Amino acid sequence: MRGAGKKAASEELERRSQYLSSLVQRTKIMGDNAAAAADHDKKEVVEATAAKPERREQLRQCSQQRMQEKEVVEERREKKKGVGDGDRCVGDARDPPQGQQQQKEEEMNVKVRAADMSLALQKHAFRCARETLTSMPKLESKRLALALKKEFDSTYGPAWHCIVGTSFGSYVTHSLGGFLYFSIDKVYILLFRTAVEPVDR
């Protein structure tokens, strides 16, 4: 009877030992898989970081553009307050010509609300909007929007869109470097470009 009990206990121990060793092996395999998965995730992160240098470049350009806009705003504030004009004499060589001074005063009413557009394009939009507005006896939103759209379509290619008004909301998708939301006095102007893809027939 004792021999049968020993044999049963021995078989039970053997069975438990096999179960534990299989459990250890599975845990080891899972650990290796987890390590491999972690390595794979690290590799994906590195590849994603390496694959997006143009995105980093875009962010850098946007931050530079914001810095330039801030500098322009600070310059305008200083000019309004008269800071830095104390040492100027009338007719000083550093005084801008009358036409440039008037142009800068006109541009002071321009406020950029949001932009993803180069400064050259922004200035072109400001100039075109200002010229069209001054040619109108009263605000004609459709006419101003159409003038800006046509000007940018002909100069920079299709597909530019323009929304003009004194009170409107919007949510638009635009091409990179093709978005400008600004105001002139109380007129708000949204100018943006969308991608045009050729239709294959």
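Predicted model, so just to flag it, every value in this text is computed and none were measured.

Engineer: What is the right way to read helix H5 (residues 141-156) from this model?
Structural biologist: Since the α-helix advances by 3.6 residues per turn, residues separated by three or four positions end up pointing in the same direction. Taking 1.5 Å per residue as the helical rise, H5 with its 16 residues ought to reach 22 Å, and the 22 Å between its terminal C-alpha atoms agrees with that figure. Within H5, burial applies to Leu144, Ala145, Leu148 and Phe152. Considered in projection along H5, the buried side chains sweep an arc of 100° and stay on one side of the axis. Away from its buried face by more than 90 degrees, H5 exposes Lys142, Lys150 and Ser154. Contact partners of the buried residues in H5: helix H4 (119-134), strand E2 (160-165) and strand E4 (187-193). Positive backbone phi, at 90°, marks Gly157, one or two positions downstream of H5.

Engineer: What am I meant to see in the side chain of Thr132 here?
Structural biologist: Residue position: Thr132 is located in helix H4. By relative accessible area, which is 12% here, Thr132 ends up buried. Once residues within four sequence positions are removed from consideration, Thr132 is found in contact with Leu144 and Ala147.

Engineer: How should the pattern of salt bridges be read in this particular structure?
Structural biologist: Pairs can form between side chains of opposite charge whenever their charged atoms are close. The tally for this structure, following the rule as stated, stands at four salt bridges. Across the salt bridge formed by Glu12 and Arg16, the nearest N and O atoms sit 3.0 Å from each other. Here Glu12 pairs with Arg16, and both are found in helix H1 (residues 2-51), just four residues apart, close to one helical turn. One salt bridge connects Lys149 with Asp153, and the closest N-O pair in it is separated by 2.5 Å. With Lys149 and Asp153 both in helix H5, this residue pair falls four residues apart, about one helical turn. Accessibility expressed as a relative area gives 29% for Lys149, which makes it partly exposed. We classify Asp153 as partly exposed; its relative accessible area is 21%. Through salt bridges with shared partners, a single network forms among Glu12, Arg15 and Arg16.

Engineer: Even after reading the chapter, I still don't get the state of the cysteines, so can you show me in this structure?
Structural biologist: In total, this model carries zero disulfides according to the counting rule given. In this structure Cys128 is not part of a disulfide, and its nearest cysteine sulfur, from Cys162, lies 8.9 Å away.

What counts and what doesn't
- Residues numbered from 1 in each chain as written.
- Predicted model: local features only at pLDDT ≥ 70, side-chain atom pairs only at ≥ 80, totals over all residues.
- Heavy atoms only, no water.
- Helix = DSSP H or I, 4+ residues; strand = E, 2+ residues; numbered from the N terminus.
- Expected span 1.5 Å × (residues − 1).
- Buried < 20%, exposed > 50% of the residue type's maximum accessible area, 1.4 Å probe, protein only.
- Arc of directions from axis to C-beta.
- Contact = heavy atoms within 4.5 Å.
- Salt bridge = Lys/Arg side-chain N within 4 Å of Asp/Glu carboxyl O.
- Disulfide = S-S within 2.5 Å.

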